[in-house]
Amino acid sequence: MKLALGPLLYYWPRDTVIAFYREAAGWPVDTVYLGETVCSRRRELKLADWLAIGEALAAAGKEVVLSTYELIESDADLRAMHSVVDNGAFRVEANDMAAVRALADKGPFVAGPFLNVYNAGTLSLLAGLGATRWVAPVELSRDGLAAVVADAPAGIETEIFAYGRLPLAVSARCFTARYNNLTKDHCEFRCIEHPDGLALDTQDGGHFLVLNGTQTQSASVQSLVTVLAGAKAAGAGLLRISPQSRATGEVVAVFRDAASGALAPAEAAVRLAPHLPAAACDGYWHGKPGLVSEWDGIRELVTESEATP
Amino acid sequence: MDQVITLPQPVAAARMKLVCPAGTPPALKVAVDNGADDVYLGFRDETNARNFAGLNFDDKAIRESLAYAHRKGAQVLVALNTYPQPATWRKWQAAVDRAADLGVDAIIVADAGLLAYAAKTHPQLRLHLSVQGSATSHEAINFYHERFGIRRAVLPRVLSVEQAEKVVARTPVEIEVFGFGSLSIMVEGRCALSSYATGESPNTHGGCSPAKAVRWQQSPRGLESRLGGVLIDRFGEQDHPGYPTLCRGRFVVNGDTYYPFEEPTSLNTLELLPRLQAMGVKAIKIEGRQRSPVYVETVTRVWRAALEECARDPQRFRVKPAWQEALAGISEGRQCTLGAYHRPWK
């Protein structure tokens, strides 16, 4: 199975981003997704900067894909999306149907995780428009994935969200701005203070979610490192690892060894544990609530009595 | 509440349609009787996004409701607005066939593959793009128009009035916007918070924060509401405990306990009606298939009256206190907001 570094979902300072991808060029990932997908107000890097990073990664042998916004509201958002689509150098991951329209019938593209591909009918439609890879929605279980793949058009690649805090919801409202009693239009770019998002707990102390501007993520970190054989059997060809502020390279290394079979699942779990910024979860994969962890020895998200419905 | 108004004749061409919810045949009847142009409903299964016990329509109820609505000049729209699931996706195709066979006036669909199927198999069937399709720009809406011939699209509750106006001006597709009801904080079709806590979400099971995952518990710190075991809120004696919808919960961020997403509140855009009419919005949607016939009756009566006044004389349109009072009585949290239509909400 191939490894893919997902798009950076947080707002980091420009130098931090550049340093991150300079390091990533040396990691054993096959594919790197680049670009701002969450908020059009995040402009530490311009498209030209992303393209320059992409060229360096391509020179290091990586497949580079540029991702589009997960939510388009304004004309400026549309223009930015078209600039990505027409970048002229790299394949594009479409994260809404405006991007699909712009990419359709013009060559291969990636159908991103926000396109809601829950069935082979929709996947076939996208393949007919030029999608050569799709990223499953985070909610899809192993059995669901296998069912889509069983009826999928021949040759299309399947990617799953294998590691990271789950992007669960998208809003027009910015919750980081709201926390700071600011409006989105005058947000003071506070997301930059939270390199892994802003933690949201329940009133009884459970770590529940993370606010990442207009995006809401799980507090727990989805980790499928213990179920890679099943993922392969279900049809997953690429494993997406979502960047975090620390130890992403170490996470990649563990997944590389686990995917190649050099590490048994239990060993992989032990090797991965110190690099997890929070509890692990993998409920979605098992057809359960996403916050559930089937991973032996991993702390539950909330206190034990609350972890299962 | 029992008052049935006599409908004036349609006025200007700009008159917007009123689209009302029906979870049951009695709700459909009061919607039609009180002036709904369109009534939307769902089958009794996960093919619609209000898949709740005791709600929705079997074939006999749909046939009777269709006959009743058509007799009174109203149209019936069937919501097939969830995402067909991997192993059972052909069930959604069968639901499209069923709607076509029943002779409904349109189906409301979110899934692109299902729209493709409907357009190919039933070219005469009118297609509306559901709000769950998350089409937030004219380019996204035009994609569905070019590929599947959709005739109307429901805008997600994420755009400001200015943004919505630009969408309307740049698509041949009729635009329907939400006027009143429960306010979605997240982009419709793009929220998995419910399945994260409970295993079921609108996209996968046709419902958010399902009742079977709700637990109420009296604790020394107050009445607690939980969803899938996760503490959503805690209420003192002064509070009015609300249903534990995940994004209406009170949580803690850096020691502050507050509503990080939104207070319990309803969307109410009555005051925007002249603007929405002038920009060319074709239809106003009322949320609430899960609500009672009394809710449907009240909201339909008020909005019918408001739409008529707006069509007759938009310049002089004023929101009547009696309308607001009637709507406040049935609103979630008894508060109302313009939501994203008013830009600072974001």
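Residues numbered from 1 in each chain as written. Chains lettered and ligands numbered in written order. Predicted model: local features only at pLDDT ≥ 70, side-chain atom pairs only at ≥ 80, totals over all residues.

A. The overall build of chain A, seen in detail. Within chain A, the secondary structure is distributed over ten helices and twelve strands. For chain A, the C-alpha radius of gyration of 18 Å lies close to 19 Å, the compact-globule estimate for 309 residues. When its C-alpha atoms are laid out on the principal axes, chain A stretches across 50 × 50 × 35 Å. Per-residue burial for chain A yields a buried fraction of 60% across its 309 residues. (Helix = DSSP H or I, 4+ residues; strand = E, 2+ residues; numbered from the N terminus. Rg over C-alpha atoms; globule rule 2.2 N^0.38 Å. Buried ≥ 20, exposed ≤ 12 C-beta atoms within 10 Å, placed from the backbone.)

B. Spatial organisation of the interface of chain B and chain A. With 58 residues of chain B at the contact, the number on the chain A side is 58 residues. Where the side of chain B that touches chain A is concerned, the elements lending two or more residues are α4 (112–121), α5 (138–148), α6 (161–169), β8 (186–191), α7 (193–198), α8 (202–205), β11 (230–235) and β12 (251–253) of chain B. Considering only residue class, the side of chain B that touches chain A consists of 33 nonpolar, 17 polar and eight charged. Where strand β7 (residues 157–171) of chain A lies against β8(B), two bridges are found, and the strand directions are antiparallel. (Contact = placed C-beta atoms within 7 Å. Nonpolar A, V, L, I, M, F, W, Y, C, P; charged D, E, K, R; others polar. Pairing = 2+ DSSP bridges.)

C. Summary view of the nonpolar core. Formed by 221 residues in total, the largest nonpolar core has its most connected members in L239(A), F255(A), V39(B), L80(B) and I107(B). Of the residues forming this core, the biggest block, nine residues, is contributed by helix α10 (residues 293–312) of chain B. Other than its neighbours up to four places away in sequence, V39(B) contacts C20(B), A22(B), L28(B), A31(B), V32(B), A69(B), A74(B) and V76(B). (Core = buried A, V, L, I, M, F, W, Y, C linked by C-beta atoms within 7 Å.)

D. Here's a closer look at the sheet that holds strand β10 (residues 222–227) of chain B. Residues and elements named next belong to chain B. Spatially, β9-β10-β11 is the arrangement adopted by the three strands of the open sheet, whose pairing is antiparallel. A single partner strand is all that each edge strand has here, and the edge strands are β9 (214–219) and β11. Direction aside, the axes of adjacent strands within the sheet are offset by 25 degrees on average. As paired strands, β10 and β11 are joined by five bridges and run antiparallel to one another. Pairing of R226 across the sheet is with L231, part of β11. (Axes fitted to C-alpha atoms, helices over the stretch in contact; angles between N-to-C directions.)

E. Layout of helix α2 (residues 59–71) of chain B. All names here are of chain B. Its 13 residues place the ends of α2 18 Å apart at the C-alpha level, agreeing with the 18 Å of an ideal helix rising 1.5 Å per residue. What α2 keeps buried is the set I62, S65, L66 and A69. All buried residues of α2 project into a common sector of 105 degrees when viewed along the axis, lining one side. Exposed and facing more than 90 degrees away from the buried side of α2 are K60, A67 and R71. (Expected span 1.5 Å × (residues − 1). Arc of directions from axis to C-beta.)

F. The confidence of the model for chain A, seen in detail. For chain A, mean pLDDT is 94; residues scoring 70 or higher make up 95% of the total. Below a pLDDT of 50 lies the segment residues 297–309 of chain A, which in the model reaches 35 contacts outside its immediate sequence neighbourhood of four places, other chains included. (pLDDT = per-residue confidence, 0-100.)

G. Region of interest: unusual backbone geometry. In the Ramachandran plot, D105(A) falls in the positive-phi region, its phi being about 60 degrees despite a non-glycine side chain. Mapped onto the elements of the fold, D105(A) is located in the loop between α4 (97–103) and β5 (109–111). Positioned with a positive phi, S134(B) is a non-glycine residue whose angle comes to about 55 degrees. Residue position: S134(B) is located in the loop between β5 (127–129) and α5. With 25 C-beta atoms counted inside 10 Å, the residue S134(B) sits in the buried group.

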